[in-house]
Amino acid sequence: MREVHFEQTSVTSFSVYEFGTGDGPAVAITAGVHGDEQTAIHTAFLLRKALGEQTVLGRIKLIPICNPAAYRNRSRRSPFDGLDMNRSFPGSAQGSPTMQLANALWQETRDAQYIVDLHCCGVEGSTYTLAQYEEYPDLRELAEAIGIPVVIQSGGTSGQLFTESCKVGQKALIIELPGGQPGGMIDVEAAEQCCEALIGYLRYLGVLQGKTQPQEVTFYGKIVTMAAPHPGLFLPEATPGMRCKAGEYLGSFEGTPVTAPFDGVISTISKVRYCFAGERMAAVAPHKTE
Ligand SMILES: [Zn+2]
């Protein structure tokens, strides 16, 4: 028997890049849990290159493509079993392919004190840190150290790598980046800025040499989706990542003004299109007043 290889891609293994062996903090940085979220994957590859030129005091595990089958299929979900890997943690060694994969990544990230999981929120999205900072107040300081200006409270859906990791005492959060859906688009500028932010975070944690200043960030509540009430044409005026005031004009739907429901930030806003009933026109996170 011979095996004929027609493509180098493996869809049943993932690569782990390890940096440093020191006694400092252990950090895991993951991307591509959703296979089509390529801005996240590109960020991880930029970081791999940057870390090769740095002295690492602690230990970093970098996993740029956590879900290689979904990556090769350019899809969010696994082509093997149709499961969403980021609803499957901690997974199961005896489960379906996605459950096995989730379990393998879960085991691989158990020794990390800090986890950053990189994701994308679509070409109509913007960059923000997503964290359960209300449940785990320590995460506030870490989000400030990352320094991405927008920090949004997570809804805390179970089965995600970061939510399950927080439950067992790790300090885990997500960075959402523009790009990914549809078709695995990469926002190169967002990836470069995120890579810089991650290097700053690793310095803050004492894993890399050098100092960082905590950045001015704004904390927002959970995202509220503004959906089309019936089929119609949505014409956006606002842009992703824009701050908004209550009542501010965001665009029009069938000639009727769509206005911001509260002071906040527009995390996502649809491009011009006919929306069907219930489809998202915009997603807005409310400003948190202490
Ligand atoms: Zn994702």
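Residues numbered from 1 in each chain as written. Predicted model: local features only at pLDDT ≥ 70, side-chain atom pairs only at ≥ 80, totals over all residues. Heavy atoms only, no water.

Filter applied, for reference: UniProt positions are given in the numbering used here, feature names are shortened, and annotations may be inferred rather than shown by experiment.
Going by what an unreviewed UniProt entry lists, the protein is known as Succinylglutamate desuccinylase/aspartoacylase family protein and is assigned to Paenibacillus gyeongsangnamensis. Regarding the protein, the relevant UniProt record gives this comment under Cofactor (unreviewed entry): "Zn(2+)".

1. Things to note about the nonpolar core
The test is simple: Here, nonpolar core refers to any group of buried Ala, Val, Leu, Ile, Met, Phe, Trp, Tyr and Cys residues whose side-chain atoms link them within 4.5 Å. Type-normalised accessible area, obtained with a 1.4 Å probe on protein chains alone, sets the label of each residue: buried when under 20%, exposed when over 50%, and partly exposed for intermediate values. Per the convention used, a helix needs a DSSP run of H or I reaching at least four residues, while a strand needs a run of E reaching at least two, with both numbered from the N terminus. Two residues qualify as a contact provided that any one of their heavy atoms is within 4.5 Å of a heavy atom in the partner residue.
The biggest cluster of nonpolar side chains holds 68 residues, and the ones touching the most others in it are Leu 118 and Ile 175. For this core, the leading source of residues is helix α6 (residues 188-204), giving 8 residues. Other than its neighbours up to four places away in sequence, Leu 118 contacts Ile 29, Thr 30, Ala 31, Gly 32, Ala 40, Thr 43, Ala 44, Ile 175, Cys 194 and Leu 198. Counting residues in hydrophobic clusters, the runner-up holds 15 residues, among them Ala 228, Ile 269, Cys 275 and Ala 282.

2. A look at the coordination of the zinc ion
The following threshold applies: Note that water is not among the atoms considered, so a metal site may appear incomplete; the donors listed are N, O and S atoms within 2.8 Å of the metal, with 3.2 Å applied to Na, K and Ca. Angle rules define the geometry names used: all angles between 85 and 135 degrees makes four donors tetrahedral, while opposite donors over 155 degrees apart and all other angles between 65 and 115 make four donors square planar and six octahedral, leaving every other case irregular.
Taken together, the protein ligands of the zinc ion are His 34 (ND1), Glu 37 (OE), Glu 37 (OE) and His 119 (ND1), with distances of 2.0 to 2.4 Å. If you look at the zinc ion, its 4 donor atoms make angles of 56 to 148° with each other, and the shape they trace is irregular. Considered as a linear motif, the donors of the zinc ion on their single chain read H-x2-E-x81-H. In this pair, His 34 is assigned in the loop between β2 (26-31) and α1 (38-51) and His 119 in strand β4 (residues 114-120), connecting sequence segments 85 residues apart. As far as burial versus exposure is concerned, His 34 and His 119 are alike and both buried.

3. Quick look at the UniProt feature "domain: Succinylglutamate desuccinylase/Aspartoacylase catalytic" (unreviewed entry) in the protein
UniProt marks residues 23-194 with the feature "domain: Succinylglutamate desuccinylase/Aspartoacylase catalytic" (unreviewed entry), using the numbering shown here. Split by type, residues 23-194 is 32% helix and 22% strand. Its first and last C-alpha atoms lie 26 Å apart.

4. Looking at the environment of Lys 171
Note the following rule: Any N or O atom pair separated by 3.5 Å or less is treated as a polar contact, with the protein-specific requirement of one donor-capable and one acceptor-capable atom, and with residues adjacent in sequence counted only for side-chain atom pairs.
With respect to the secondary-structure elements, Lys 171 resides in strand β7 (residues 171-177). Distance from Lys 171 to Lys 245, taken between C-alpha atoms, is 32 Å for residues 74 residues apart in sequence. Every residue in contact with Lys 171, bar those within four places of it in the chain, is listed here: Gln 113, Tyr 114, Ile 115, Asp 138, Leu 139 and Leu 142. Of note is the side chain of Lys 171, whose polar atom sits 3.1 Å from the side chain of Asp 138.

5. Thoughts on the pattern of salt bridges
Under the convention used in this document: When a carboxyl oxygen of Asp or Glu lies within 4 Å of a side-chain nitrogen of Lys or Arg, that pair is called a salt bridge.
A complete count under the given rule lists 10 salt bridges for this structure. A salt bridge links Glu 134 to Lys 288, with the shortest nitrogen-to-oxygen separation between them at 2.4 Å. One end of the pair, Glu 134, is in the loop between β5 (128-131) and α4 (138-146); the other, Lys 288, is in the segment after β18 (280-286), with 154 residues separating them in the sequence. Here the salt bridges share partners, and the residues they tie into one network are Arg 59, Lys 61, Glu 108 and Asp 111.

6. Notes on the side chain of Thr 43
Within the element layout of this structure, Thr 43 appears in helix α1. In terms of polar contacts, Thr 43 uses its side chain to reach the backbone carbonyl oxygen of Thr 39, at 2.8 Å. Among residues more than four places away in sequence, those in contact with Thr 43 are Leu 118, Leu 177, Ala 191, Cys 194, Cys 195 and Leu 198.

7. Some thoughts on the packing of aromatic side chains
Applicable threshold: The criterion for an aromatic pair is that two Phe, Tyr or Trp rings (for Trp, the six-membered ring) have centres within 6.5 Å, with stacked assigned to planes under 30 degrees apart, edge-to-face to planes over 60 apart and tilted to the rest. Note on criteria: charge over ring means Lys NZ or Arg CZ within 6 Å of the ring centre, with the direction from the centre no more than 35 degrees off the ring normal.
Tallied over the entire structure, the rule returns 1 aromatic pair. Above the face of the Tyr 17 ring, Arg 48 is positioned so that its terminal group lies 4.8 Å from the ring centre. Positioned above the aromatic ring of Trp 106 is the side chain of Arg 110, whose terminal nitrogen or guanidinium carbon lies 3.4 Å from the ring centre.

8. Things to note about the sheet that holds strand β15 (residues 256-259)
The strands that make up a sheet pair up through hydrogen bonds in the backbone, lying either parallel or antiparallel. In plain terms, the rule: Note on pairing: DSSP must find at least two bridges between two strands before they are called paired. To get an axis, a line is fitted to the C-alpha atoms, and for a helix only the part in contact is used. The angle between two axes follows their N-to-C directions and goes from 0 to 180 degrees.
Spatial strand order, β15-β14-β12-β17: 4 strands in an open sheet with antiparallel pairing. The sheet is open, and its two borders are formed by β15 and β17 (273-275), each paired with just one other strand. Taken pair by pair, the neighbouring strands of this sheet meet at an average axis angle of 40°, ignoring direction. When strand β14 (residues 249-253) meets β15, the two strands line up antiparallel, connected through 4 bridges. Bridge pairing in β15 places Tyr 249 opposite Thr 259.

9. A word on the packing of α1 against α6
Applicable threshold: For this classification, under 35 degrees means roughly parallel, over 145 means roughly antiparallel, 65 to 115 means roughly perpendicular, and everything else is oblique. Two helices crossing with the near one rotated counterclockwise from the far one by less than a right angle form a left-handed crossing, whereas a clockwise rotation gives a right-handed crossing.
Packing of α1 against α6 leaves a shortest axis separation of 9 Å and a crossing angle of 50°. When the interaxial angle is binned, α1 and α6 end up oblique. Considering how the two elements wind past one another, α1 and α6 form a crossing that is right-handed. When α1 is examined against α6, the residues Thr 39, His 42, Thr 43, Leu 46, Leu 47, Ala 50 and Leu 51 are found in contact with a partner set consisting of Ala 190, Ala 191, Glu 192, Cys 194, Cys 195, Leu 198, Ile 199 and Leu 202.

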